[in-house]
Amino acid sequence: MNKLLVLSFLFISLQSAAQKISGTVFNDKGDLLPYASVTIKGTSAGASANNRAKFSFTVAPGTYIVTCQHIGYTRQEKKVVVNGQDEEITFILTEQKLEMKTVVVQSGGEDPAYAIIRQAIKKREYYNKQVNAFECDLYTKDIIKLRSLPKKIMGQKIPDADRNDMGLDSSGQGIIYLSESVARVHAKQPDKFKMEVLSSRVSGSGGFGFTFPTFISFYNNNVRVFTEKLNPRGFVSPIADGALNFYKYKFLGSFFEDGKEINTIRVTPKRNYEPLFSGVIYITEGDWRIHSCDLFLTKTSQLEIIDTLQITQIHVPVSNDVWRVKNQLLHFNFKQLGIDAVGNFVNVYSAYNINPSFGKKYFDNIIIKYDTAVNKKPKEYWDTIRPVPLEPEEKKDYQVKDSIYQVQKDSMLSKRSVDSLNKRQGKIKPLDIFWSGINRTHYTKTGSTSWGIESLIKNLEYNTVEGAVINTNFYYTKYLKKLKSNFSIRPHVRYGFSNTHLNAWADLSFGTRDWSTDRKIKRQSWTLSGGKRVSQFNKESTITPLNNSITTLFWGDNFMKIYENYFGSLGFNKRFESGLRFSVNALYEDRRPLENTSNFTVFKKDTINITPNYPVNKIITQQFTPHQAFILSFDISIKPGQKYIQFPNNKVPVGSKYPTFSFNYTKGIENVFGSDVNFDKWKFTVNDTKNFKLAGEFRYKVGVGGFLNNKKVFIQDFQHFNGNRSGAASEYVNSFQLAPYYANSTNAGFYSIAHIEHHFNGLLTNKIPVFKKLNWNMVAGSNAFYVNRNNNYAEFFVGLENIFKLFRVDFVAAYQDGKRGVTGVRIGLGGLIGGTIKPINGGKAISVSL
C-alpha cells in the first residue's frame with residue numbers, strides 16, 4: 001500500500017510540472033465530430049478525440065500551434081499559450097469544400113482519378129521502403145460493446161450469473177471489453193519487428209489485453225487486417241500494383257493544406273465478393289503519397305466473422321519528407337445468432353524516430369514483450385498519459401469492474417471464497433456418470449485438485465471381437481508445489497461382453513515448466529503406463545471406435561483390427577524455446593491375438609462382409625503368433641525461426657516462416673525381456689502451411705522412410721499408411737481418404753509419402769453466384785505413397801469447404817498400383833469454424849458413413 005501511495009505522489013508531482021490542453025471538436029452545424037486528430041503542428045505529439053469528440057493531452061509550458069483535422073472537414077489551427085494552468089479550446093470544423101480541376105478528358109472519358117492513382121501506384125514501393133528503420137510510441141484503446149444479447153444461443157441458455165459477470169444490464173447491453181495499452185514499437189526493413197508493451201490495463205481483470213496488428217499499411221499490395229480469420233487471402237490495397245484490375249475510381253475534387261493540394265478519390269470494387277475496400281482515399285498532388293483514408297469492408301468483401309469494418313487513418317509528416325500514420329480508428333459491427341455488438345479500436349502514434357540504430361542482436365525471436373510490471377500501473381498514471389479521454393460509461397466500467405475484481409482478488413484464498421467455489425459446483429449426481437460424466441474440482445487455499453469419470457454411454461462401442469464394450473475412464477490431476485509439477489493419473493477399465501475379457505491399465509504423467517531468469521521455455525514431462533489393454537495394429541490409425549461401431553453394425557464392415565497386450569511404457573519429452581522438441585520412449589508388449597466372437601449386425605445379410613480380426617496384405621495372410629516386443633523409439637522435430645510473445649510469466653509461440661522438420665528412429669531389440677523382434681526403421685517428414693494471399697493457402701506434408709533392418713518384424717511394427725474406408729473424412733494432410741487400411745503395409749527398405757492440398761479461400765468460387773453468397777470455397781489436392789512398382793497409391797480430390805462455416809465435402813478418385821481404383825465422397829470438418837476443431841482419435845471427421 002505504501003508503494004502505491006509513493007507512486008501516486010510521483011504521478012501527481014509530474015502532473016504539476018505539466019499542463020493539459022483539452023477541448024471538444026464540433027462541425028459547423030453544432031454536431032460532435034468523434035475521433036478527430038489533434039496534434040501540435042510540426043510534430044506527431046497530440047491526441048485523438050474520443051467518441052464524444054473530447055480530447056486532452058499534456059504539454060510543458062510554452063506556445064503551441066494546435067491543429068485539428070477530421071476526414072471530410074477543413075483542417076483548423078489555433079495558437080495556444082500555456083502558462084502554468086490547463087487550457088481548454090474548441091474546434092469548429094467546416095465541411096471540406098472540394099475544387100474540381102480543369103482537366104482534359106481523354107478519349108473514352110477516363111476519370112481524372114485514374115491518372116492520380118497510376119502515379120500513386122508508381123510511388124507505392126518507394127514509400128513502402130522509404131525508411132530503413134523507425135520507432136515510435138503507441139497508445140491503444142480497445143472497446144467492445146453489446147447492444148443486444150439473446151437469452152439463448154443455439155438452444156443454450158446464458159445463465160444470469162454470466163450476464164452479470166459481463167456487466168450487462170437487463171436488456172443485454174453494456175461494455176464487455178475495455179482495455180488500454182502503451183507501447184514502444186521498433187521496426188527495420190525488410191521484416192524486423194519488436195514491440196515493448198510498457199503498460200496495459202483491462203477493465204475488471206489483471207490480464208494484459210490483446211494487441212491487434214500495430215500497423216495497417218496500404219502501401220503493401222496485400223493488406224492484412226486483424227487476423228487472417230477475417231479473410232486468409234488478405235485485402236487488395238487501392239494503390240496495389242494491380243489495383244486497376246480490381247477497382248473503379250472517381251475524382252471527387254481537391255483541397256489545399258499548407259499549400260499542398262490533396263486529391264479526394266472514391267474507391268469502388270469492380271466486382272462484389274472480392275477482397276476489396278470501398279470508400280475514400282486522399283492522395284497528395286505531386287508526391288502522390290497517402291494523406292488519409294476512410295475505407296470499408298463488408299460481407300461482399302469476403303469479410304468473415306464480423307459484418308462490417310471501417311478503417312480510418314490520418315497521416316502526418318514526421319521528419320523531412322517522411323509521413324507516417326498519426327491516428328487510426330477501426331470500427332466494426334457484429335450481428336449474428338442474435339448477438340449485436342460494436343467495437344472501436346483507437347491507435348495513437350507519436351514520438352517517431354526515423355532511422356534509429358539498433359544493435360546486431362536487438363531483433364530476436366521475441367516480437368512482443370510485456371514489461372514485468374505491465375499491469376501494475378495506478379489510476380493516476382493512466383490519467384497522466386492517456387491521449388484519448390475516457391467517456392463517462394468507460395469511467396464507470398473501470399470503477400465498477402475494477403472494484404469487483406479487487407474484492408474477488410483479496411478474497412480469492414479466503415475460506416469463504418474457497419467454500420463458495422466448492423459449493424457452486426453443486427452436489428454430485430450419480431446418474432450423471434451415464435451421459436454427461438462427473439467432473440469435479442476441489443479448491444483449497446493452497447491450490448486445487450480435479451477428478452472425474454467420463455460418460456459411460458458416450459464411450460460404449462461395438463466390435464466383432466469383444467461384442468458390446470463398456471469403457472470406464474477416470475482421471476485425477478493435482479499440482480505438486482514442491483516438485484513444481486502437474487501430476488495426473490488416468491485409470492482405464494474395459495470389458496467386452498462377448499469375449500468376456502477384462503482389461504485394465506493406467507497412465508501416470510508428471511509435467512513441469514522450468515522458468516529460468518530470462519524466462520526461456522523448457523517444458524518437459526514424464527509418462528509411465530502399464531497394465532493390460534486392447535490396441536489397434538496401427539497405433540496411428542484413423543479408425544475411431546464410433547465409426548467402426550457404425551460401419552460394423554449397419555454394413556458388417558469391421559475395419560478396426562485389434563490385439564490384446566500386457567504392456568509397460570516409459571516416456572520422456574522436452575520442448576525448447578528454439579522450437580526443438582524431442583522425446584524418447586521404451587515400450588514392452590506381450591502381444592496376444594484375438595479372434596472374432598460376434599457376428600451380430602442390424603441387417604443379417606451384412607454378416608457376409610465381416611472379415612477375420614487380423615490385417616491382410618501382400619505379405620501377411622494369417623493371424624500373428626503370440627510374441628513379446630521390446631521397442632525403443634526416438635523422435636525429434638524442429639521449426640526453425642520460431643517467434644514468441646513474451647508475457648511477464650510465460651511465452652507463447654506465434655509461428656515461423658519455416659516448415660517443421662521431424663525425424664523418428666525406432667528399434668526393436670531381441671532377447672531383452674524375452675523380446676522376439678529385431679528391426680530398425682526410420683522416417684523423416686517436412687510439413688508446413690503457406691499462405692499465398694489472393695492465390696489461396698497451400699498445405700503439405702512429404703516424407704521418406706524405410707527399414708534398415710527387417711530380420712524379425714511382426715505386423716504391429718510394419719509401416720502402415722493411414723487409410724480410410726469410412727464416409728467420414730480421416731485427418732487431412734496425414735491420411736489417404738480411399739486407401740485400404742492394411743493392404744499396403746510394408747517392411748520395405750524405402751518408401752515415400754506426399755500429402756498436398758490447396759485451399760482457394762474464395763478464389764474461383766467467388767465467380768459462382770450461389771457459392772459466393774454462401775462463401776463456400778473450393779479445395780483440391782492429392783495424397784500418394786510409393787513403395788515399389790507393385791505397391792503404390794495415388795488419389796486426387798476436389799471439394800467444397802466452409803459449408804455453414806463448419807463442413808467440407810470432397811470427391812476423391814484413387815489409383816492403386818497405377819490402375820484406376822475407386823471413387824468416393826468424404827465428409828469432414830473444414831472452414832472458418834470446422835477448420836479450428838482439433839482431430840479426435842486422429843481425424844477431423846464426423847461420424848457418418850456413406
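Residues numbered from 1 in each chain as written. Predicted model: local features only at pLDDT ≥ 70, side-chain atom pairs only at ≥ 80, totals over all residues. Heavy atoms only, no water.

1. Re the overall build of the protein chain
- When helices and strands are tallied, the protein chain shows 8 helices and 42 strands.
- Principal-axis analysis of the C-alpha atoms places the extent of the protein chain at approximately 95 × 80 × 55 Å.
- Per-residue burial over the protein chain gives 49% buried out of 850 residues.
- For the protein chain, the proportion of contacts with a sequence separation of at least 24, taken over those separated by at least 6, is 62%.
- Looking at the protein chain as shown, the accessible area adds up to about 41200 Å², and 58% of this sits on carbon and sulfur atoms.
- The centroid of the 110 positive side-chain charges in the protein chain is displaced by 3 Å from the centroid of its 73 negative side-chain charges. (Helix = DSSP H or I, 4+ residues; strand = E, 2+ residues; numbered from the N terminus. Buried < 20%, exposed > 50% of the residue type's maximum accessible area, 1.4 Å probe, protein only. Contact = heavy atoms within 4.5 Å. Areas by Shrake-Rupley, 256 points an atom, 1.4 Å probe, with all protein chains shown as cover. Lys, Arg positive; Asp, Glu negative; His and termini not counted. Charge placed at Lys NZ, Arg CZ, Asp CG, Glu CD.)

2. Some remarks on the environment of Gly204
- By the secondary structure assignment, Gly204 is in the loop between strand 12 (192–202) and strand 13 (222–223).
- C-alpha separation for the pair Gly204 and Tyr177, spaced 27 residues apart in sequence, amounts to 9.0 Å.
- If we ignore the near neighbours within four places in the chain, the residues touching Gly204 are Lys401, Asp402 and Tyr405.

3. Focus: the sheet that holds strand 6 (residues 76–82)
- Ordered in space as 3-2-5-6, the 4 strands form an open sheet in which the pairing is antiparallel. For this open sheet the edge positions go to strand 3 (46–48) and strand 6, each flanked by a neighbour on one side alone. Each strand axis lies, on average, 20° off the axis of its neighbour in the sheet, ignoring direction.
- When strand 5 (residues 62–69) meets strand 6, the two strands line up antiparallel, connected through 7 bridges. When the sheet's bridge partners are listed, Gly62 is paired in strand 6 with Val82. (Pairing = 2+ DSSP bridges. Axes fitted to C-alpha atoms, helices over the stretch in contact; angles between N-to-C directions.)

4. Focus on a nonpolar patch on the surface
- On the surface, Leu431, Phe434, Trp435, Ile457 and Leu460 cluster together into a nonpolar patch covering about 560 Å² of accessible area.
- Along the polypeptide, Trp435 turns up in the loop between helix 6 (415–424) and strand 23 (438–444). (Patch = residues over 30% accessible without salt bridge, like charges linked within 9 Å, V, L, I, M, F, W, Y side chains within 5 Å. Salt bridge = Lys/Arg side-chain N within 4 Å of Asp/Glu carboxyl O.)

5. Details of the packing of aromatic side chains
- In total, this model carries 44 aromatic pairs according to the counting rule given.
- Joined through ring pairs, the aromatic side chains of Phe721, Phe736, Tyr751, Phe785 and Tyr793 make up one cluster.
- One residue, Lys377, lies across the ring of Tyr381, its end atom 5.7 Å from the ring centre.
- We note Lys458 situated over the ring of Trp435; from NZ or CZ to the ring centre the distance is 4.8 Å. (Phe/Tyr/Trp six-rings, centres within 6.5 Å; stacked < 30°, edge-to-face > 60°. Lys NZ or Arg CZ within 6 Å of the ring centre and 35° of its normal.)

6. Points about the pattern of salt bridges
- Counted by the stated rule, this structure contains 43 salt bridges.
- Glu274 serves as the salt-bridge partner of Lys767, at 3.2 Å between the closest nitrogen and oxygen. In this pair, Lys767 is assigned in the loop between strand 38 (751–759) and helix 8 (769–774) and Glu274 in the loop between strand 16 (260–269) and strand 17 (278–284), connecting sequence segments 493 residues apart.
- Looking at Glu274, the relative accessible area reads 5%, which means it is buried.
- Residues Asp321 and Arg289 are paired through a salt bridge, measuring 2.5 Å at the closest nitrogen-oxygen approach. In this pair, Asp321 sits in the loop between strand 19 (308–319) and strand 20 (322–336) while Arg289 sits in the loop between strand 17 and strand 18 (290–297), placing the two residues 32 residues apart along the sequence.
- Judged by its relative accessible area of 37%, Asp321 is partly exposed.
- Several salt bridges share partner residues, and in doing so they unite Lys41, Arg75, Glu77, Glu257 and Asp258 into one network.

7. A few points about unusual backbone geometry
- Omega for the peptide link from Gln189 to Pro190 comes to 0°, which places this bond in the cis form.
- Examined against the element boundaries, Pro190 turns out to sit in the loop between strand 11 (174–188) and strand 12.
- For Tyr273, which is not a glycine, the phi torsion comes out positive at approximately 60°.
- Take Tyr273: it is sitting in the loop between strand 16 and strand 17.
- Using a relative accessible area of 15% as the deciding quantity, one classes Tyr273 as buried.

8. Notes on the nonpolar core
- Core analysis: the largest hydrophobic core is formed by 51 residues, its most contacted members being Phe218, Val225, Tyr247, Tyr249, Phe277 and Leu309.
- Counting residues per element, this core draws most heavily on helix 2 (residues 113–128), which supplies 7 residues.
- The residues touching Val225, leaving out its near neighbours within four places in the chain, are Ile216, Leu230, Phe235, Leu309 and Ile311.
- The next biggest cluster of nonpolar side chains, apart from the first, holds 27 residues, and it includes Ile314, Val316, Val318 and Val322. (Core = buried A, V, L, I, M, F, W, Y, C linked by side-chain atoms within 4.5 Å.)

9. Details of the sheet that holds strand 7 (residues 87–93)
- The 3 strands are arranged 4-1-7 in an open sheet whose pairing can be described as mixed. With partners counted over all chains shown, the strands left at the sheet margins are strand 4 (54–59) and strand 7, one partner each. Averaged over all neighbouring strand pairs, the angle between strand axes comes to 25°, with direction disregarded.

10. Some words on the environment of Phe624
- For Phe624, the position within the fold is in the loop between strand 31 (580–592) and strand 32 (627–638).
- Note: C-alpha distance between Phe624 and Phe714 (90 residues apart in sequence) is 7.5 Å.
- If we skip the residues at most four places from it in the chain, Phe624 touches Phe537, Tyr563, Arg591, Arg592, Pro593, Ile715 and Gln716.

11. A short note on helix 2
- For helix 2, spanning 16 residues, the distance from its first C-alpha to its last is 22 Å, which sits close to the expected 22 Å at 1.5 Å a residue.
- The axis of helix 2 is deflected most strongly, by about 35°, at Lys122.
- The inward-facing, buried residues of helix 2 abut strand 15 (247–257), strand 16 and strand 17. (Expected span 1.5 Å × (residues − 1). Bend = angle between axes of the 7 residues up to and from the residue.)

12. Digging into the side chain of Gln536
- Secondary-structure assignment places Gln536 in strand 29 (residues 522–536).
- Within polar-contact distance, the side chain of Gln536 engages the side chain of Ser541 at 3.0 Å.
- For Gln536, the residues in contact, after removing those within four places along its chain, are Ser541, Ile543, Met560, Lys561, Ile562, Tyr563 and Tyr742. (Polar contact = N/O pair within 3.5 Å; in protein donor to acceptor, adjacent residues only side chain to side chain.)

13. Here's the deal with the pairing of strand 31
- As paired strands, strand 30 (residues 562–576) and strand 31 are joined by 12 bridges and run antiparallel to one another. Considered in strand 31, the bridge of Arg575 is made with Arg581.
- If you look at the hairpin formed by strand 30 and strand 31, you'll find 3 residues sitting between the two strands, and Gly579 has a positive phi there, around 100°.
- With 12 bridges connecting them, strand 31 and strand 32 associate as antiparallel partners. Across the sheet, Leu580 pairs through a bridge with Ile638, a residue of strand 32.

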